[in-house]
Amino acid sequence: MIWDVLTNNLLLAWERLAFWRNPPPALPNMRLSPKGGDENPLLLQFFTWESSHPQMSWWKHFESEVPDLAALGVTQVWLPPPNKAMRKEGQGYDAYDLWDLGEFYQKGTIATRWGTKEELVSAIAAANAHGIDVLIDAVLNHKLGADRPEKFMAVQVDPENRMKDIGPAREIEGWTAFDFLGRGNKYSSFKWTHEHFTGLDWDHRTRTKGVYRIASSKHRGWSRWVDAELGNYDYLLGIDIDHRHPEVRKDLMTWGRWVLQTTGAAGFRLDAIKHMDRRFLLSFIKHVRETLGRNDLFSVAEYWSSNIDLIKPYIRVFEGLVTFFDVPLHYKFHDASKAGSGYDLRMILDRTILKYRPGDAVTFVDNHEQIGQTLESWVGSNFKLQAYAIILLYGEGHPCVFYGDLYPNQECYDENVAQGLRRLMDVRKKFAYGPRVNYFQEVNCIGFVRKGDGHKRGGCAVLISNADDPSKQESVNAGQTPVHTIRMDIGLSNAGNRYRTLFHPRDLVVEVGTDGWASFTCPFGALQVWVKEDVES
């Protein structure tokens, strides 16, 4: 006991120091593409919340799209959780058995919602053959769908302050025993009981919903190494895993190595990290890296907050081994789409990970959690392409494209957005290279240029507007198309070259002056990208 207290105090002192120490940026030391090289890498999230395909499994659908993704310049794909869920149609975030990838008859099915293990391995092999790495969505925070209930002591706590007890310890009945009868002991013989969890939200004996902290001489309460929201945010949902338990740590770390070796995947998306013991997560990443000999292992964490100040300590404590989704930037895009011309575009990057630590930022516009889920902050179509232009063409951060914006689906598809997004992905692949210069002078129109790299990749000029279009007002003469004009330096190496537009109005042309400068235009409330005419395809 004394040794545990001393160890915890030393670790706490180390972490407090780490909170103020900036590690090296993560992205330069991570594998972003199997090929390496100097081409722009690109991550794509290949699912929405309700994803399904009418003719084939999701894994087969992914495999069929691999050639198209490679042609679009995608070098990494984030797939949904491959593990067996608590129900047949579960997305995998309702994690039942991490070791069952669609191989065993459990929860009324062999396949997961997404398909069988065999289909998953085949799809990942096809992706690898086309120069695409695959990320496993690792749901390590909780479990759901236990096989039987157990009786144990627990304390009900205040949902708004998890450190405040609202009653004495009493015996409850909870669904906490996981026997995995369909899988048996294959791959792992570990069976979960209430001893391996910290809390739950259901007393089956009294049919009472609440937040319960499991209490016994073997339990140490909530972890201290989690986010401080709600007093202590260790508990999120389901049956909360105790990452301090040695048997739990051993099983999860072994799974981390096994799942990459078994599937051929190359990295992780880490779900809900603000609710997990961050000491365990750091050990988990280090263990997988060391045991597989992959010092360039890619990992991206979901810490959901629009407040950059809450994310900064996590960036520091993970020692440059984990990247972070730029949630603050996502909220900037959401706010801009809601406010229209009332939003000052000059502030679009302020207090984002992209501006604070671009080498740790995985940028995105939307993902599966914005539609009908708890994290509703959808970016409207009026600003969707402008947002994608920023993350795809800006030249810093690691962009992630959302399946729902690219492929037809029942949840959020917009054909105009999808067409424009494909064009922007093509621009990223062919033109978005070289030094960048920003022109963020106007409230409702900002621009930047990429000057090219001298290897037939001539760069581009990008203008983004959120201005109201006066041509839509009755007082304006028909046929007038108001535009912004920004004079930008595209580089002396491009003097005399002609640049043309890729978005409406198409095929406008401007010639760069002998000084390397040119005046580029953009319609009000729209996006315009200019590329060198002689290399456009």
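Up top is the structure these notes are about.
Residues numbered from 1 in each chain as written. Predicted model: local features only at pLDDT ≥ 70, side-chain atom pairs only at ≥ 80, totals over all residues. Heavy atoms only, no water.

Of regular secondary structure, the protein possesses 11 helices and 25 strands. For 537 residues, the compact-globule formula gives about 24 Å, and the C-alpha radius of gyration of the protein, at 25 Å, lands near that figure. The principal-axis extent of the C-alpha atoms belonging to the protein is close to 80 × 50 × 45 Å. Looking at the protein as a whole, 58% of its 537 residues qualify as buried. Within the protein, contacts between residues separated by at least 24 positions form 71% of all contacts whose residues are at least 6 apart in sequence. A gap of 4 Å separates the mean positions of the 63 positive and 68 negative side-chain charges of the protein. (Helix = DSSP H or I, 4+ residues; strand = E, 2+ residues; numbered from the N terminus. Rg over C-alpha atoms; globule rule 2.2 N^0.38 Å. Buried < 20%, exposed > 50% of the residue type's maximum accessible area, 1.4 Å probe, protein only. Contact = heavy atoms within 4.5 Å. Lys, Arg positive; Asp, Glu negative; His and termini not counted. Charge placed at Lys NZ, Arg CZ, Asp CG, Glu CD.)

Further remarks concern the sheet that holds strand β18 (residues 436–439). What the 6 strands build is an open sheet, ordered β18-β19-β20-β25-β22-β23; its pairing is antiparallel. Unpaired on one side and paired on the other, β18 and β23 (509–511) mark the two borders of the sheet. For this sheet, the mean inter-axis angle between neighbouring strands, taken without regard to orientation, is 20°. Here strand β22 (residues 498–501) pairs with strand β25 (residues 527–532) via 3 bridges, running antiparallel. Note that in β25 the partner of Arg500 across the bridge is Val531. Sitting on the sheet, helix α9 (residues 381–393) touches β19 (445–450), β20 (460–465) and β25, and the angle it makes with β20 is about 145°. (Pairing = 2+ DSSP bridges. Axes fitted to C-alpha atoms, helices over the stretch in contact; angles between N-to-C directions.)

Here the focus is the pattern of salt bridges. Across all of its chains, the model carries 35 salt bridges by this definition. Between Asp137 and Arg269 there is a salt bridge, with its nearest N and O atoms 3.1 Å apart. With Asp137 in strand β5 (residues 133–138) and Arg269 in strand β13 (residues 267–270), the pair connects residues that are 132 residues apart, well separated along the chain. By the burial criterion, Asp137 is buried, and Arg269 matches it. One salt-bridge network, held together by shared partners, links Asp137, Arg269, Asp271 and Glu302. (Salt bridge = Lys/Arg side-chain N within 4 Å of Asp/Glu carboxyl O.)

So, on to the packing of aromatic side chains. Summed over all chains, the structure comprises 37 aromatic pairs. Summarising the aromatic geometry, the rings of Tyr96 and Phe178 are spaced 5.9 Å apart at their centres and angled 40° between planes, so their arrangement reads as tilted. Highlighted residues: Tyr96 in strand β4 (residues 95–97) and Phe178 in the loop between β9 (170–177) and β10 (197–203), separated in sequence by 82 residues. Accessibility assignment for this pair places Tyr96 and Phe178 in one class, buried. With centroids separated by 5.9 Å and ring planes inclined at 40°, the aromatic side chains of Phe280 and Phe284 adopt a geometry described as tilted. You can see Phe280 and its partner Phe284 sitting in helix α5 (residues 278–292), 4 residues apart, about one turn around the helix. Phe284 carries the same exposure label as Phe280, and that label is buried. Over the ring of Phe178 we find Lys143; its NZ or CZ atom is 5.4 Å from the centre of that ring. (Phe/Tyr/Trp six-rings, centres within 6.5 Å; stacked < 30°, edge-to-face > 60°. Lys NZ or Arg CZ within 6 Å of the ring centre and 35° of its normal.)

Okay, unusual backbone geometry next. Cis peptide bonds are those with omega within 30 degrees of zero, and the linkage from His504 to Pro505 qualifies with -5°. Looking at the secondary structure, you find Pro505 in the loop between β22 and β23. Here the phi dihedral of Phe180 falls at roughly 50°; this positive angle occurs in a residue that is not glycine. If you trace the backbone, Phe180 turns up in the loop between β9 and β10. Backbone geometry places Arg207, a non-glycine residue, at a positive phi of 55°.

It is worth spelling out the side chain of His196 at this point. Summarising the element assignment, His196 is placed in the loop between β9 and β10. Non-local contacts of His196, meaning those with residues more than four positions away in its chain, are made with Phe190, Lys191, Asp240, Ile241, Asp242, His245, Glu247 and Val248.

A separate point is the pairing of β5. Of all 6 residues that make up β5, 6 are buried, and the element is covered over most of its length. The alternating pattern of β5 places Asp133, Leu135 and Asp137 on one face and Val134, Ile136 and Ala138 on the opposite face, and all of these are buried. Across 3 bridges, the pairing between strand β2 (residues 76–78) and β5 is parallel. Bridging across to β5, Trp78 finds its partner in Leu135. Pairing of β5 with β13 involves 4 bridges; the strand directions are parallel. Counterpart to Ala138 in the pairing with β13 is Leu270.

Remark: α9 packs on helix α11 (residues 415–430), axes separated minimally by 10 Å, with the N-to-C direction vectors making an angle of 15°. Here α9 lies roughly parallel to α11, going by the angle between them. Where α9 crosses over α11, the two elements pack in a sense that is right-handed. Residues Ser381, Lys384, Leu385, Tyr388, Ala389, Ile391, Leu392 and Leu393 of α9 touch α11, and the partners they reach there are Asn416, Val417, Gly420, Leu421, Leu424, Met425, Val427 and Arg428. (Parallel < 35°, antiparallel > 145°, perpendicular 65-115°, else oblique. Left-handed = near helix turned anticlockwise from the far one by under 90°.)

Let us now look at the sheet that holds strand β14 (residues 298–301). One closed barrel accounts for 8 strands, arranged β1-β2-β5-β13-β14-β15-β16-β17; its pairing is parallel. Strand after strand, the sheet turns through a mean of 25° between neighbouring axes, direction not considered. Bridging between strand β1 (residues 43–45) and strand β17 (residues 398–402) involves 3 bridges; their strand directions are parallel. Looking at the pairing, Leu43 lines up with Cys400 of β17. On the sheet, α9 packs against β16 (361–364) and β17 and is oriented at approximately 140° with respect to β17.

It is worth stressing that arrangement in space is one thing and function is another; only the former is reported here.
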